[in-house]
Amino acid sequence: MEQTKTELARIIRERRSVKSGYLDKEVPTELVTELLDDARWAPTHGLREPWRFIFIPSHEKEEFVESLVQTFPRDMQENRRNYFSQPAAFLIAIMNEDPRQKQWEENFGAISSMLQNFQLLAWERELGVCWKTNPQIHEPKVRELLGVQPGEKIVGFIHMGFFEQQPKQKTRTPIEEKLTIYKK
C-alpha cells in the first residue's frame, strides 16, 4: 500500500527553477517580504541568522539593470542587458562571512536552507525563482553598487517572476543509488 504524499512533499518534488518565460507582471514587495518572513525559520547555527537581502522591485529593475551592466566590459554589456532584463525582479542574497571555516560553512548552510525555504514558498504562490551564482557575485564593482561590505559575501542573485508555463519535470537519481547504509 503506497502512502499518499503530503502537500509539502508534493511541492518539494514539483518545484523547479524558472530561468525564462517570466510574465510582464510586477512582483509585489509585500509578497517577497511575506515569503522571506516565513523562510527565515530555516536552521541557523547559534541563531546567527547570517543573512540579509536586497530586493530590486519590478518598477526599479530597468534602472538597476542599467547600473549593473555598466560593471561589465563594454563588449559584454548588451548581452548582459538582455540577460538581466528577463526576470521581473531580483532578490540579492548576502551572507556574513566568518574567518573561521566551521562558522563560514555553517553560515553558508543556513542561508542555503533559507533560500530553499524561499524557493518552496514562492513555488507554492506560483512565483518562479532561480538562484543564480554568475561571476558578477564576485565583482568588486557589483559589490560597490549594492553596498556589500567587507566581511559579507553575495551568495546569489535570485531571479523572480510569475510564469505561464512550468519548466519540464526532470528525473532524479533514485536515492538507493546515493545511499550507503553503514554496517560495523
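Use the structure listed above.
Scope of this entry: the structure provided in the associated data block.

Criteria and cut-off values
- Residues numbered from 1 in each chain as written.
- Predicted model: local features only at pLDDT ≥ 70, side-chain atom pairs only at ≥ 80, totals over all residues.
- Heavy atoms only, no water.
- Patch = residues over 30% accessible without salt bridge, like charges linked within 9 Å, V, L, I, M, F, W, Y side chains within 5 Å.
- Areas by Shrake-Rupley, 256 points an atom, 1.4 Å probe, with all protein chains shown as cover.
- Salt bridge = Lys/Arg side-chain N within 4 Å of Asp/Glu carboxyl O.
- Lys, Arg positive; Asp, Glu negative; His and termini not counted.
- Charge placed at Lys NZ, Arg CZ, Asp CG, Glu CD.
- Helix = DSSP H or I, 4+ residues; strand = E, 2+ residues; numbered from the N terminus.
- Buried < 20%, exposed > 50% of the residue type's maximum accessible area, 1.4 Å probe, protein only.
- Expected span 1.5 Å × (residues − 1).
- Contact = heavy atoms within 4.5 Å.

**Considerations on a positive patch on the surface**
In step 1: A contiguous patch of positive charge, built from K19, K168, K170 and R172, is present on the exposed surface.
In step 2: The topology assignment puts K19 in the loop between α1 (7-14) and α2 (29-39).

**Considering unusual backbone geometry**
In step 1: The residue L47 is not glycine, and still its phi comes out positive at about 50 degrees.
In step 2: Tracing the backbone through its elements, the reader meets L47 in the loop between α2 and β1 (51-56).
In step 3: The backbone of E126 sits at a positive phi, close to 65 degrees, despite the residue not being glycine.
In step 4: Summarising the element assignment, E126 is placed in the loop between α5 (101-124) and β3 (127-132).
In step 5: A relative accessible area of 59% places E126 in the exposed class.

**Description of α5**
Since the α-helix turns once every 3.6 residues, residues separated by three or four places project in the same direction.
In step 1: The terminal C-alpha atoms of α5 lie 35 Å apart, and with 24 residues this matches the ideal 34 Å at 1.5 Å per residue to within 8%.
In step 2: Positive phi appears at E126, one or two residues downstream of α5, with a value of about 65 degrees.

**A word on the side chain of K61**
In step 1: You can see K61 is positioned in helix α3 (residues 58-69).
In step 2: An unpaired buried charge is present at K61: no salt bridge exists, and D24, the closest side chain of opposite charge, is 6.9 Å distant.
In step 3: When neighbours within four sequence positions are excluded, K61 is seen to be in contact with I56, F84, S85, Q86, P87, A88, A89 and F90.

Coordinates in, geometry out; function isn't part of it.
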